[in-house]
Amino acid sequence: MNSNPSMRQLFTPARRRLQVAVVIVTIGVAGYALYGSRACCAPAPVNLDEWIAREARDTAALAPDLAVEIETGTGSLAPRYHYDYRLRVERSGAATLTYWPGYGQDDSQAVRARFTLADADVRTIASLARQLQDSPGPIDDRDIPNGGRSARITLVAAGRRSIIEEWQREPFDRWQRALQERSRRVIPDSVWAQCEDAQRRH
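Owing to the predicted nature of the structure, the values given are computational and were not obtained by experimental measurement. Here, residues in each chain are numbered from 1, in the same order as that chain's written sequence. Local features are withheld for residues below a pLDDT of 70 in this predicted model, meaning they are given only at 70 or higher, and side-chain atom pairs are given and counted only at 80 or more; totals for whole chains, interfaces and linings count all residues. Hydrogen atoms and water are omitted, and side-chain values are computed over all heavy atoms in the structure.

Chemist: Would you mind going over the pattern of salt bridges with me for this structure?
Modeler: When the charged atoms of two side chains with opposite charge come close together, those side chains can pair. Take a side-chain nitrogen of Lys or Arg and a carboxyl oxygen of Asp or Glu: if they are within 4 Å of each other, that pair is a salt bridge. Tallying each qualifying case throughout the model produces 10 salt bridges. Glu-71 is the salt-bridge partner of Arg-152, the closest N and O atoms lying 3.5 Å from each other. Of the two residues, Arg-152 is situated in strand S5 (residues 152-157) and Glu-71 in strand S1 (residues 67-73); the sequence distance between them amounts to 81 residues. Overall, Arg-152 belongs to the partly exposed group, its relative accessible area being 26%. In this scheme, a residue with accessible area under 20% of its type's maximum is buried, one over 50% is exposed, and one in between is partly exposed, where area comes from a 1.4 Å probe on protein chains only. A relative accessible area of 23% means that Glu-71 is categorised as partly exposed. Residue Glu-90 pairs with Arg-88 through a salt bridge whose shortest N-O separation is 3.3 Å. Each helix corresponds to a stretch of at least 4 residues labelled H or I by DSSP, and each strand to a stretch of at least 2 residues labelled E; elements are numbered beginning at the N terminus.

As structure tokens, then:
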């Protein structure tokens, strides 16, 4: 009787380990090809420009008590460059801007202006704000970028009042940034010129 193990017996465990490794690598490659670098369960990316254009064309009725208020400004800059502003937009298109140059929100130096927005702008702002109604809350204080600035948003619609604090979590921060940018873009050039004059005098 031959007591030496056969070559097949010697290499069977190694072959099995190799087969397992090949299966693991194959699963990993297939998973990456399917999901790429997207985090598990994250919503599909949204093309904000296309989404905003679509919402602006929407003709669905808006709540008659609709009002959106955006409070934002610059981050931590030298006083001569820093400003804060609050923009309130109502269903009728009536908009009210209060702009404070520098720090401290000194009402004696504030610029106040009233103007009217087009219906498409009202719908876009309202739609962006609605995306934030059920946001889970802001990020931890330790995760807030030094010197950054986000927007605090108040939305009133159909008797419901929602306050969205600064620095929301992903993916809600994308909607928050979009609303912050849109709030600046709808301010007429002539009104913003008054704000810039106040900033230079400050």
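What follows picks up the thread again.
Chemist: Would you mind showing me how to read the sheet that holds strand S4 (residues 111-116) here?
Modeler: Strand pairing within a sheet occurs via backbone hydrogen bonds; the two strands may be parallel or antiparallel. The criterion for strand pairing is that DSSP finds at least two bridges linking the strands in question. With antiparallel pairing, the 6 strands of this open sheet are ordered in space as S4-S3-S2-S1-S5-S6. With partners counted over all chains shown, the strands left at the sheet margins are S4 and strand S6 (160-164), one partner each. Pairs of neighbouring strands in the sheet enclose a mean axial angle of 10°, with direction left out of account. Here 5 bridges tie S5 to S6, and the two strands are oriented antiparallel to one another. Counted as the bridge partner of Leu-155 is Ser-162 from S6. Lines fitted to C-alpha atoms define the axes here, with helix axes fitted over just the stretch in contact, and angles between the N-to-C directions of these axes take values from 0 to 180 degrees.

Chemist: What should I look at first to understand the pairing of S5 in this one?
Modeler: Looking along a regular strand, one sees the side chains alternate between the two faces of the sheet. Here S1 pairs with S5 via 5 bridges, running antiparallel. Directly across from Glu-69, in S5, lies its bridge partner Thr-154. Here S5 folds back onto S6 in antiparallel fashion, the turn holding 2 residues, of which Ala-158 has a positive phi close to 55°.

Chemist: Just to check I follow, could you spell out the packing of helix H3 (residues 119-130) against helix H4 (residues 172-185) for this structure?
Modeler: Two quantities define a packed helix pair, namely the angle between the axes and the distance from one axis to the other. Taken N-terminus to C-terminus, the directions of H3 and H4 make an angle of 155°; their axes are 9 Å apart at the nearest point. Classified by the angle between their axes, H3 and H4 sit roughly antiparallel to one another. Once H3 is placed against H4, the crossing between them reads as left-handed. Where H3 abuts H4, its residues Asp-121, Thr-124, Ile-125, Leu-128 and Ala-129 lie against Trp-175, Ala-178, Leu-179 and Arg-182. Under this grouping Gly is polar, as are all residues other than the nonpolar Ala, Val, Leu, Ile, Met, Phe, Trp, Tyr, Cys and Pro and the charged Asp, Glu, Lys and Arg. Along the lines of polarity and charge, the residues of the contact of H3 with H4 split into 6 nonpolar, 1 polar and 2 charged. In this scheme, roughly parallel covers angles under 35 degrees and roughly antiparallel covers those over 145, while 65 to 115 is roughly perpendicular and the rest are oblique. By definition, any crossing whose near helix is turned counterclockwise from its far helix by less than a right angle is left-handed, and any crossing with a clockwise turn is right-handed. Contacts are residue-level and defined by heavy atoms, with any inter-residue pair within 4.5 Å sufficient.

Chemist: Sorry if this is basic, but what is going on with H3 here?
Modeler: Note on helix geometry: an α-helix contains 3.6 residues per turn, so any two residues three or four positions apart are oriented the same way. By this rule, a helix spans an expected 1.5 Å times one less than how many residues it contains. For H3, built from 12 residues, the straight-helix expectation of 16 Å at 1.5 Å per residue is met to within 8% by its first-to-last C-alpha distance of 16 Å. Buried within H3 we find Val-122, Arg-123, Thr-124, Ile-125, Ala-126, Ser-127, Leu-128 and Ala-129. Residues of H3 that are buried in the fold lie against helix H2 (48-57), S1, strand S2 (83-90), S5 and H4.

Chemist: How should I be thinking about the packing of H2 against H4 in this particular structure?
Modeler: Packing of H2 against H4 leaves a shortest axis separation of 12 Å and a crossing angle of 60°. Between H2 and H4 lies a crossing whose hand is right-handed. Across from Leu-48, Trp-51 and Ile-52 in H2, the residues of H4 making contact are Arg-174, Trp-175, Ala-178 and Arg-182. Its residues assigned to classes, the contact of H2 with H4 shows 5 nonpolar, no polar and 2 charged.

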